[in-house]
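Here is what each chain is made of, one letter per residue.
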Amino acid sequence: MALDAITNPKTGEPERSWEEIRQDFPILQQSVNKHPLVYLDNAASTQIPRSVLDTLVWYHSTEHSNVHRGVHTLSQRATNSYDRAREKVRRFIHAAHAHECIFVRGTTEGINLVAHSYGRAHIKAGDEIIISALEHHANIVPWQILCEEVGAKLLVIPMNDAGELDMAAYRELLSERTRLVAVAHVSNALGTVNPIAEIIELAHEKGAKVLVDGAQAVAHMQVDVQALDVDFYVFSGHKLYAPTGIGVLYGKTELLEQMQPYQSGGAMIARVTFEETTFTELPYRFEAGTPSIAASVALGSAIDYIESIGLARIAQREADLLEYATAKLQSVEGVRILGTAKDKASVLSFEVEGVHPHDVGTILDGEGVAVRAGHHCAQPVMDRLQVPATARASFAFYNNYADIDALVAALYTVKEIFGV
Amino acid sequence: MSDLRNLYQEVILDHNRKPRNFGVLATANRQAHGDNPLCGDNYTIYARVNDEGVIEEVTFDGSGCAISKAAASMMTVRMKGKSIADAEVLIQEFRDLMTGNLDVSGEHHLGHLTVFEGVARLPQRVKCAVLPWHALQAALEHKESVSTEGDHDPLGN
């Protein structure tokens with residue numbers, strides 16, 4: 001709250017207050033089930049600010065055409081915007097080269113691309129892939145399928161009751177057989193921030209490559225792929241205040257260059273005859289077909305928006321909201337928080353004693369409070385914690401303390417209805 | 001609040017807290033498993049059907065939300081002693097109730113099972129209420145399992 005009055009070090013201008021910033025999001029101005037919408041499902045999808053919505057309208061009103069195809073003016077404008085968006089992504093994650101940032105549909109496609117194009121070429125029978133107990137299904141299933149196909153082995157870093165990875169066990173799992181380590185930067189189910197710098201360093205000592213699933217991280221903290229020395233980093237636009245259908249796979253040039261295309265067709269070729277095709281250069285080799293141009297441009301706009309507020313300020317705001325929400329929920333009898341790692345992003349998984357999470361979710365929705373209820377595509381996490389599912393509130397900087405108070409009030413409604 | 005009260009009626013909450021006919025039926029000659037992979041609800045329905053085609057005993061076990069558990073519990077209470085032909089009528093009527101195709105004030109055999117009417121207004125929860133009914137149908141048809149996803153969608157779509 002104290003941060004509301006500070007000035008922006010770059011511009012010297014007073015920072016906009018969080019309440020002003022909240023007004024940037026038209027969707028939050030509505031009522032749901034006769035209550036003002038309290039949107040706490042940001043780990044699933046974040047909402048889109050007006051400036052990004054305007055970008056979509058502007059792009060479709062003034063530039064829309066196909067990229068890298070035509071000699072006409074609109075095609076050139078669209079191509080310029082598309083290239084500028086890639087450059088914004090490069091700067092945002094501190095990549096060395098824009099061509100290392102491949103536009104994909106989202107995190108899931110990015111991981112599948114690596115499993116297909118890198119995995120099949122470099123992982124053989126007897127090799128090992130290490131994932132963690134905290135992974136989303138998107139960072140489990142592609143590796144399971146790959147292991148089954150090539151006869152490699154999938155190993156899992158265990159976690160403790162707080163939802164933190166067991167780093168001693170990780171050191172034990174690493175060996176000369178380890179080819180790839182695939183871990184989440186931040187757990188979607190519990191909010192745990194994993195020590196990925198250390199995970200990467202240890203893997204590299206054994207000569208293994210590392211893929212980090214950054215879907216839950218990029219909106220909340222600075223990511224510097226060069227400082228991390230990460231080999232592959234993947235994230236989605238729709239968790240970064242941009243639309244669905246766009247995401248980014250970052251890969252080091254030396255790795256991307258030796259990888260075969262994931263999909264093939266137009267845009268990714270240098271020369272096609274019926275006898276032979278040669279593939280074009282990075283990043284286009286991995287972007288077959290007409291890309292999601294508008295969503296890419298919107299992603300660039302979302303990055304501009306985030307940078308106008310500043311990730312450091314966002315991180316502090318979300319830490320304040322998480323601290324407040326954690327204390328508030330702990331004060332409600334019968335509510336148990338799952339995931340109590342020391343380093344957490346703004347995700348709060350919980351259960352209400354005696355009430356199934358889906359019933360919690362339905363009643364909260366009836367009160368206008370949107371949370372996720374379910375296994376969060378992380379069934380192994382649920383199994384480890386011995387719960388069928390959880391309810392999950394996840395916060396973005398545009399949430400406020402009143403949202404959290406509304407969540408708590410709605411939890412008392414749950415308890416009243418179920419008599420617990 | 002009134003909508004929520006309409007959904008979570010006392011009889012539903014009571015069957016959730018104290019499910020009837022809950023447990024494995026050792027003498028069952030029909031059983032089927034039903035699960036909803038997207039939300040994790042999963043139940044097994046056990047039935048003993050005699051030579052005359054009458055459901056002598058029916059029980060369930062498993063876990064899930066209040067809606068699915070109460071639906072399973074109240075279904076088993078209703079089904080005991082019914083012929084398979086009568087059970088099939090009830091299954092169809094309950095399905096119609098959930099898809100909004102049953103005139104609740106008209107002629108039907110559901111009795112107080114119409115307390116689930118409120119669920120029909122929440123499309124994301126309809127699968128919860130229908131799951132045990134679909135599992136029962138599978139058991140009566142000698143199928144081993146059903147899922148709310150894929151080919152065995154309980155709403156038939």
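Rules used throughout
Residues numbered from 1 in each chain as written. Chains lettered and ligands numbered in written order. Predicted model: local features only at pLDDT ≥ 70, side-chain atom pairs only at ≥ 80, totals over all residues. Helix = DSSP H or I, 4+ residues; strand = E, 2+ residues; numbered from the N terminus. Rg over C-alpha atoms; globule rule 2.2 N^0.38 Å. Buried ≥ 20, exposed ≤ 12 C-beta atoms within 10 Å, placed from the backbone. Contact = placed C-beta atoms within 7 Å. Arc of directions from axis to C-beta. Nonpolar A, V, L, I, M, F, W, Y, C, P; charged D, E, K, R; others polar. Pairing = 2+ DSSP bridges. Axes fitted to C-alpha atoms, helices over the stretch in contact; angles between N-to-C directions. Core = buried A, V, L, I, M, F, W, Y, C linked by C-beta atoms within 7 Å. pLDDT = per-residue confidence, 0-100. Parallel < 35°, antiparallel > 145°, perpendicular 65-115°, else oblique. Left-handed = near helix turned anticlockwise from the far one by under 90°.

Attention now goes to the overall build of chain A. The helix and strand tally for chain A stands at 14 helices and 17 strands. A compact globule built from 420 residues should have a C-alpha radius of gyration of about 22 Å, and chain A, at 22 Å, falls within 12% of that. Taking the principal axes of the C-alpha coordinates as reference, chain A spans close to 70 × 55 × 40 Å. Per-residue burial over chain A gives 51% buried out of 420 residues. A sequence separation of at least 24 residues applies to 70% of the contacts in chain A between residues at least 6 apart.

With that out of the way, let us pick up helix H5 (residues 141-150) of chain A. Residues and elements named next belong to chain A. Turning to H5, its buried residues number three or more, namely Pro 142, Trp 143, Leu 146 and Cys 147. Down the axis of H5, the sector holding all buried residues measures 130°, keeping them to one side. Contact partners of the buried residues in H5: helix H4 (107-122), strand E5 (128-132), strand E6 (153-157) and strand E7 (178-184). Positive backbone phi, approximately 80°, marks Gly 151, located one or two places after H5.

Further remarks concern the interface of chain B and chain A. Taken together, the 13 residues of chain B in the interface contact 12 residues of chain A. Of all the elements in the fold, those that place two or more residues in the side of chain B that touches chain A are helix H1 (2-7) and helix H5 (123-140) of chain B. When its residues are assigned to classes, the side of chain B that touches chain A shows eight nonpolar, three polar and two charged.

In this section: the sheet that holds strand E13 (residues 335-338) of chain A. Residue and element names in this part refer to chain A. Ordered by their spatial adjacency, four strands build an open sheet running E13-E14-E17-E16, and the pairing between neighbours is antiparallel. Looking at the sheet topology across the chains shown, the edges are occupied by E13 and strand E16 (372-374). Neighbour to neighbour, the strand axes of the sheet diverge by 30° on average, direction disregarded. Contacts from helix H11 (residues 311-330) reach E13, strand E14 (347-352) and strand E17 (390-394) within the one sheet, and its direction differs from that of E14 by about 10°.

To summarise the sheet geometry, strands pair through backbone hydrogen bonds and adopt either a parallel or an antiparallel arrangement. All names here are of chain B. Read across the open sheet, the four strands follow the order E3-E2-E1-E4; overall the sheet is mixed. Strand pairing shows two members of the sheet lacking a second neighbour, strand E3 (55-63) and strand E4 (145-147), which therefore form its edges. Sheet twist, expressed as the mean angle between neighbouring strand axes with direction ignored, is 15°. As paired elements, strand E1 (residues 30-35) and strand E2 (residues 42-49) share six bridges and run antiparallel to each other.

The subject of this paragraph is the environment of Phe 116 of chain B. All names here are of chain B. Here Phe 116 shows up in the loop between helix H4 (84-98) and H5. Sequence separation between Phe 116 and Ile 67 is 49 residues, and the spatial gap between their C-alpha atoms is 8.3 Å. Look past the residues within four positions of Phe 116 in its chain and what remains in contact with it is Ala 71, Leu 97 and Ala 129.

Of all hydrophobic cores here, the largest spans 173 residues; its most connected members are Ala 242 and Leu 299 of chain A together with Ile 45 of chain B. Sort the elements by how many residues they give to this core and H5 of chain B lands first, with 11 residues. Beyond its immediate sequence surroundings of up to four residues, Leu 299 of chain A is in contact with Ala 85, Val 89, Gly 237, Leu 240, Ala 242 and Ile 246 of chain A.

Turning our eyes to something else, we now look at the confidence of the model for chain B. Residue-level pLDDT values for chain B average 90, and 93% of them are 70 or greater. Confidence metrics for the complex model read pTM 0.92 and ipTM 0.88.

Right, let's get into the packing of helix H3 (residues 73-93) of chain A against helix H10 (residues 293-309) of chain A. Residue and element names in this part refer to chain A. Two elements in contact, H3 and H10, have axes whose closest approach is 8 Å; the angle formed by their N-to-C orientations is 45°. By the angle between their axes, H3 is oblique relative to H10. Relative to H10, the crossing made by H3 is left-handed. Two secondary-structure elements touch here, H3 through Ala 78, Ser 81, Tyr 82, Arg 84, Ala 85, Lys 88, Val 89 and Phe 92 and H10 through Ile 293, Ser 296, Val 297, Leu 299, Gly 300, Ile 303 and Asp 304.

It is worth spelling out the environment of Ala 319 of chain A at this point. All names here are of chain A. Locating Ala 319 in the fold gives a position in helix H11. Residue class for Ala 319 comes out partly exposed when judged on the 15 C-beta atoms lying within 10 Å of it. When the C-alpha positions of Ala 319 and Glu 307 are compared, they lie 18 Å apart, and in sequence the two are 12 residues distant.

Here we take up the pairing of strand E9 (residues 232-236) of chain A. All names here are of chain A. Within E9, five of the five residues are buried, leaving the element largely enclosed by the surrounding structure. The two faces of E9 match: Phe 232, Val 234 and Ser 236 on one face and Tyr 233 and Phe 235 on the other face are all buried. Relative to E9, strand E8 (residues 209-213) runs parallel, the two sharing three bridges. Considered in E9, the bridge of Asp 213 is made with Val 234. Pairing of E9 with strand E10 (residues 247-251) involves five bridges; the strand directions are antiparallel.

This brings us to the environment of Lys 252 of chain A. All names here are of chain A. Along the chain, Lys 252 falls in the loop between E10 and helix H9 (253-257). A residue is classified by how many C-beta atoms lie within 10 Å of it, and Lys 252, with 19 of them, is partly exposed. Through-space distance from the C-alpha of Lys 252 to that of Cys 101 is 9.0 Å; in sequence the pair is 151 residues apart. Leaving out residues up to four positions away in the same chain, Lys 252 has contacts with Glu 100 and Asp 231.

Right, let's talk about unusual backbone geometry for a bit. That bond from Leu 282 of chain A to Pro 283 of chain A is cis: its omega, 0°, falls within 30 degrees of zero. Relative to the helices and strands, Pro 283 of chain A resides in the loop between strand E12 (277-279) and H10. At Gln 386 of chain A, a residue that is not glycine, the phi angle is positive and equals roughly 55°. By the element assignment, Gln 386 of chain A lies in the loop between helix H13 (379-385) and E17. A residue is classified by how many C-beta atoms lie within 10 Å of it, and Gln 386 of chain A, with 6 of them, is exposed. Unlike most non-glycine residues, His 142 of chain B shows phi in positive territory, near 65°. In this structure, His 142 of chain B sits in the loop between H5 and E4.

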